[in-house]
Amino acid sequence: MTVPSVSRPSVSPAVHRTLWVLQILLGLFFVLASAAPKFWGDPFAVAIFDGIGVGQWLRYVVGVLELAGGIGLMTRRFSGPAAVGLVLLMIGAALTQAFVLHGGLLVLTPIVLGVLAAVIAVGRRETLTTTR
């Protein structure tokens with residue numbers, strides 16, 4: 001009889017716990033503070049996507065991506081892929097903020113969120129490959 005091996009994280013227990021705290025906080029932020037206002041038509045979110053000029057459909061697409069990424073961050077299996085997806089989304093948000101909306105310092109928000117998601121992606125890199 002063979003005993004199945006238990007997958008251990010590639011980081012120390014303290015880093016593992018710190019990553020979980022970061023994942024939960026960032027995941028809740030993306031779900032509650034970023035995606036939800038886009039779905040309920042918060043005037044600020046509507047104004048931002050009006051400023052982009054491609055229509056409000058993009059607000060819903062971004063909201064779905066943020067919702068999926070936020071939920072993914074809070075799951076063991078999808079934390080790495082969700083973090084990578086959010087990094088890519090935040091790169092797009094930063095570029096849009098800088099070059100389309102001319103947001104000045106507002107570009108820092110997606111940069112900071114993207115860096116935090118990148119930290120998670122690196123810490124959870126073992127979830128980016130499957131061996132099954």
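Let me sum up the structure you'll find in this document. These numbers come from a predicted model, not from an experiment. (Residues numbered from 1 in each chain as written. Predicted model: local features only at pLDDT ≥ 70, side-chain atom pairs only at ≥ 80, totals over all residues. Heavy atoms only, no water.)

### Some details on the nonpolar core
Item 1. The biggest cluster of nonpolar side chains holds 15 residues, and the ones touching the most others in it are L26, F30, L73, L86 and I120.
Item 2. Within the residue set of this core, elements represented by two or more residues are helix 1 (13-40), helix 4 (79-100) and helix 5 (108-123).
Item 3. In terms of residue count, helix 4 provides more of this core than any other element does, 6 residues in total.
Item 4. Among all residues touching L86, those that are not within four sequence positions of it are F30, L65, E66, G69, G70, L73 and A117. (Core = buried A, V, L, I, M, F, W, Y, C linked by side-chain atoms within 4.5 Å. Buried < 20%, exposed > 50% of the residue type's maximum accessible area, 1.4 Å probe, protein only. Helix = DSSP H or I, 4+ residues; strand = E, 2+ residues; numbered from the N terminus. Contact = heavy atoms within 4.5 Å.)

### Let's talk about the packing of helix 3 (residues 57-73) against helix 4
Item 1. With their axes 8 Å apart at the nearest point, helix 3 and helix 4 run at an angle of 145° to one another. Every pair of crossing elements has a handedness; the one defined by helix 3 and helix 4 is left-handed. Between helix 3 and helix 4, the residues in contact are V62, L65, E66, G69, G70, G72 and L73 and S79, A82, A83, L86, L89 and M90, respectively.
Item 2. When its residues are assigned to classes, the contact of helix 3 with helix 4 shows 8 nonpolar, 4 polar and 1 charged. (Axes fitted to C-alpha atoms, helices over the stretch in contact; angles between N-to-C directions. Left-handed = near helix turned anticlockwise from the far one by under 90°. Nonpolar A, V, L, I, M, F, W, Y, C, P; charged D, E, K, R; others polar.)

### Focus: the side chain of R124
Item 1. Assignment of secondary structure puts R124 in the segment after helix 5.
Item 2. The side chain of R124 is buried and forms no salt bridge, while E126, the nearest opposite charge, is found at 4.4 Å.
Item 3. Within the structure, R124 has its side chain in polar contact with the side chain of Q23 (distance 2.6 Å).
Item 4. Apart from residues lying up to four places away in sequence, R124 is in contact with H16, L19, W20, Q23, S79 and G80. (Lys, Arg positive; Asp, Glu negative; His and termini not counted. Salt bridge = Lys/Arg side-chain N within 4 Å of Asp/Glu carboxyl O. Polar contact = N/O pair within 3.5 Å; in protein donor to acceptor, adjacent residues only side chain to side chain.)

### Overview of the pattern of salt bridges
Item 1. In this structure the tally under the stated criterion is 1 salt bridge.
Item 2. Note that E66 is salt-bridged to K38, the shortest N-O span being 3.1 Å. Of this pair, E66 sits in helix 3 while K38 sits in helix 1; the two residues are 28 residues apart in sequence, bridging distant segments of the chain.
Item 3. What makes E66 buried here is its relative accessible area of 4%.

### Examining the packing of aromatic side chains
Item 1. Within the structure shown, the criterion is met by 1 aromatic pair.
Item 2. Arranged with centres 5.8 Å apart and planes meeting at 75°, the rings of F29 and F30 form a pair that is edge-to-face.
Item 3. Overall, the relative accessible area of 31% leaves F29 in the partly exposed class.
Item 4. Above the ring of Y60, the side-chain terminus of R59 is found at 4.5 Å from the ring centroid. (Phe/Tyr/Trp six-rings, centres within 6.5 Å; stacked < 30°, edge-to-face > 60°. Lys NZ or Arg CZ within 6 Å of the ring centre and 35° of its normal.)

Taken by themselves, the reported measurements are silent on function.
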